[in-house]
Amino acid sequence: MKEEEKKKKKEKEDRRKEEEKRAEEDEVAETKELESVKLGPGETSTTYSELYHLFPSEVFVAYDKLQDFARDLNTQISHPEIVLIGLQGHGKSSILEALLGHQINTVGYGGATQRPLYLNIINNTQCETPKVTIKRDSVLSEFDHDEIVPLTELSNEIEKRNKIVSSDAVFVQYEFKDTCNMTFIDTPGLIPEDQGDLIKTKIDQTVMNLAKPPHRLILCVEEAKDWERIEMMDFVKQLDPELSRTTFVYTKFHNQLQKMTNTRQVNRFLSGTPPDTKSFFTTLISTKLRQKFSESDRFQEKIWQAYRRDMNGLEQLQFDKRFEANIGLHALRKYLLHLSWKNYQDNVPKILKRLRQKKASSENALEKIQSQLATLDSLKLRSLASDYVVDFLQIIERLITGTSEGNPTVNGQSLEEEKLQHGDGEWIDAHNRIIKFDPDEWKIPYWDSKLYGGQQFERLLSEFKSVAEHTRISDVTMDDVATAAGINKLNNIPNYAWAACDLAQQKSREAFIPLIEQLCSRTVYTMKRLTDIAEKIVESRKVKWNLRSDNVFDTDNLEQYPYFTFHVKDLYYKFVELTAQSCLEKCLDEFYDTRTIYWDLTEYADRSLPMDRNDPDTKRAVVDLATELFKETLQKRIIKNVLLKFYNFFLVPMQTELWSVVQGKISSLSDTELEQIFEVNATKDRIKEEEKRLLQIVSQCAEQEVVLLEAASKYSHPVLVGLSKVE
């Protein structure tokens with residue numbers, strides 16, 4: 001038994017050695033075959049390097065300038081995003097690193113790519129050598145930070161992050177001075193239907209999600225073989241039914257080429273590609289050879305030799321030269337560069353148009369501002385002031401009279417919001433206690449609606465009326481009765497009628513004066529807030545009527561004179577405050593002295609009050625009379641007259657006298673005072689600064705236009721020459 005095991009072990013070891021020997025022989029043979037390829041017409045031993053450096057550095061400097069212009073002018077120029085899809089082991093990752101000319105990825109049969117790879121290639125004129133940054137990993141916690149790695153180590157670093165199957169991508173940023181902006185997205189290899197796999201559905205969905213966006217181009221990679229055995233077409237048509245954004249790349253073309261023996265065979269195969277699509281046939285080096293020639297220069301040389309070997313074979317078979325532009329990795333690379341070039345070239349007119357628009361706009365603004373500087377005198381200031389005051393007062397009047405132009409949903413206040421934003425909005429009684437009530441129960445109109453202006457004033461008066469009507473006379477003590485009664489000068493008998501009148505007068509003052517003062521304060525608040533609403537109305541009118549100026553400084557725009565607008569608002573505020581104070585003083589006239597109330601009572605009274613100090617009914621009788629006087633005589637009269645006085649001595653002046661007061665104060669300003677309020681000297685200084693800035697912009701735009709046209713010319717001409725075979 002042991003002898004048999006030893007024998008099997010030895011046979012296995014012999015087979016392994018035989019396979020290694022055969023692999024080494026194949027590697028040597030492939031190397032020898034590649035290095036012995038015959039050069040084409042005009043080719044040299046350094047042609048491979050020239051194919052990876054098609055354009056001089058000035059082209060990419062110009063490319064960088066075009067990007068800068070686009071950014072400065074807020075012009076969005078998208079760059080190509082290319083998604084590589086294909087079956088496992090068919091060479092997607094090999095194609096990607098061959099396009100770049102550096103070994104950057106994990107390649108091999110059986111699905112070496114476990115996670116999508118985003119390779120963002122960025123033109124950066126500051127990078128003389130490639131700068132590679134692997135962005136933070138969202139899956140593996142040990143790579144939760146950006147990491148700059150040497151290009152030679154990129155393949156190993158990607159392999160570390162590629163050990164798990166995930167739809168979360170690895171992001172790599174590749175910056176170099178001689179490249180165009182584009183993004184390659186390498187996807188996990190698809191699993192054939194006949195092989196099956198538990199993760200097949202997950203991989204298919206990941207690839208579809210990456211390739212579905214319509215702005216992305218699809219690079220479909222598959223081994224070259226007889227056309228009836230091609231497997232990827234059905235999958236691609238799920239993503240791109242019209243094949244309008246798909247390019248087909250057929251790898252390992254050399255294996256297929258070796259099967260062909262005549263011109264008819266090779267031309268028939270090359271013409272079998274899907275109609276009206278772009279297709280390329282490529283051959284890259286084997287995995288073993290790739291490992292041997294990992295240094296970028298030798299790697300690029302072997303890729304070119306593989307291409308030259310295919311071309312020699314095709315020429316021996318006398319293939320149709322029409323297919324030459326579809327052969328080899330370098331033809332594919334030129335084609336992809338062409339996409340990036342064309343994208344930017346198509347946007348040059350748009351960038352130039354935006355630049356010229358900026359120049360024309362700046363010239364117009366400069367002309368206007370120079371004209372404004374010349375006409376900024378007292379006559380113009382008076383005109384601006386008069387127009388602003390008229391507009392301001394008209395809007396205030398409309399807000400008081402009634403209009404929805406102020407957008408009540410946004411700028412109006414419910415009763416609760418009014419109290420909250422006023423700060424001291426709650427009603428306070430004579431003992432500094434909050435008067436709590438349900439506005440719905442007390443029937444306060446529009447208590448839950450958002451109001452401003454005259455309607456908010458009306459609601460406030462209704463609220464005051466309800467609060468005042470629900471106010472009761474405060475408690476009366478025997479001490480109050482005794483001290484208020486005094487003595488009759490004629491007979492030394494207490495006058496309890498006088499006491500009741502005095503108590504009613506004192507209690508009404510205690511109850512209603514705080515409420516009237518609060519009414520006055522709230523009225524001032526509701527009227528002062530109209531200035532903010534008026535400003536918003538002016539702003540909305542400018543937008544609606546397209547009156548807003550694009551200039552940084554416009555002397556016709558009153559927003560440029562905050563001190564003047566503040567002065568007008570201050571005049572308005574003072575008028576509101578003085579009018580409210582005058583109204584308050586007239587309201588306080590309603591509180592008659594005791595003698596007046598007593599005369600009124602004794603003239604019409606037919607009641608008798610106790611005369612004896614010791615009569616137990618004395619207090620009750622006096623309190624009853626004081627309460628009756630408070631409720632039936634004083635309360636009703638005070639409420640009615642206060643409301644009338646707020647209408648007559650506050651609201652009416654707001655609608656009549658406000659115009660003459662504010663306009664009179666503005667029109668009476670001297671030229672010197674007007675210039676001070678408008679801050680004319682400071683305004684002229686700002687205009688001159690703006691004039692200087694606009695002159696610089698106009699000059700820069702003129703210089704930039706020359707640079708842009710020069711950059712566009714340098715960028716387009718060499719690329720057009722280099723791409724002549726793929727257009």
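Residues numbered from 1 in each chain as written. Predicted model: local features only at pLDDT ≥ 70, side-chain atom pairs only at ≥ 80, totals over all residues. Heavy atoms only, no water.

A.B. asks: Mind laying out the packing of aromatic side chains, listing which residues take part and the relevant values?
C.D. replies: For the coordinates displayed, the defined rule picks out 18 aromatic pairs. Arranged with centres 6.3 Å apart and planes meeting at 75°, the rings of Trp 227 and Phe 281 form a pair that is edge-to-face. Residue Trp 227 is found in the loop between β7 (217–223) and α7 (233–239), and its partner Phe 281 is found in strand β9 (residues 278–281); the two are separated by 54 residues along the sequence. The class for Trp 227 is partly exposed, based on a relative accessible area of 22%. With centroids separated by 6.2 Å and ring planes inclined at 45°, the aromatic side chains of Trp 427 and Phe 464 adopt a geometry described as tilted. (Phe/Tyr/Trp six-rings, centres within 6.5 Å; stacked < 30°, edge-to-face > 60°. Helix = DSSP H or I, 4+ residues; strand = E, 2+ residues; numbered from the N terminus. Buried < 20%, exposed > 50% of the residue type's maximum accessible area, 1.4 Å probe, protein only.)

A.B. asks: Break down the pattern of salt bridges for me, citing the residues and quoting the values.
C.D. replies: This model, assessed by the stated rule, comprises 31 salt bridges. Glu 418 serves as the salt-bridge partner of Arg 459, at 3.1 Å between the closest nitrogen and oxygen. Of this pair, Arg 459 sits in helix α16 (residues 453–469) while Glu 418 is found in helix α15 (residues 415–422), placing the two residues 41 residues apart along the sequence. Judged by relative accessible area, which is 1%, Arg 459 ranks as buried. Here Arg 522 makes a salt bridge to Glu 418, at a shortest N to O gap of 2.9 Å. (Salt bridge = Lys/Arg side-chain N within 4 Å of Asp/Glu carboxyl O.)

A.B. asks: Summarise the sheet that holds strand β5 (residues 170–176); cite the residues concerned and give the values.
C.D. replies: Read across the sheet, nine strands follow the order β4-β3-β5-β2-β6-β1-β7-β8-β9 without closing on themselves; strand pairing throughout is mixed. Each end of this open sheet is capped by a strand with a single partner; those strands are β4 (147–149) and β9. If you compare each strand with its neighbour and ignore which way they point, the axes differ by 20° on average. Summarising the sheet, strand β8 (residues 246–251) and β9 pair through four bridges and their orientation is parallel. Note that in β9 the partner of Thr 247 across the bridge is Lys 278. (Pairing = 2+ DSSP bridges. Axes fitted to C-alpha atoms, helices over the stretch in contact; angles between N-to-C directions.)

A.B. asks: Pulling in residues and values, what's your account of the nonpolar core?
C.D. replies: Soluble globular proteins tend to bury their nonpolar side chains together. By size, the foremost hydrophobic cluster in this structure holds 142 residues, and its most contacted members are Ile 95, Phe 184, Phe 564 and Phe 646. With 18 residues, the single largest contributor to this core is helix α22 (residues 618–667). Among the nonpolar cores identified, the runner-up in size contains 40 residues, and Leu 190, Ile 218, Met 260 and Leu 270 belong to it. (Core = buried A, V, L, I, M, F, W, Y, C linked by side-chain atoms within 4.5 Å.)

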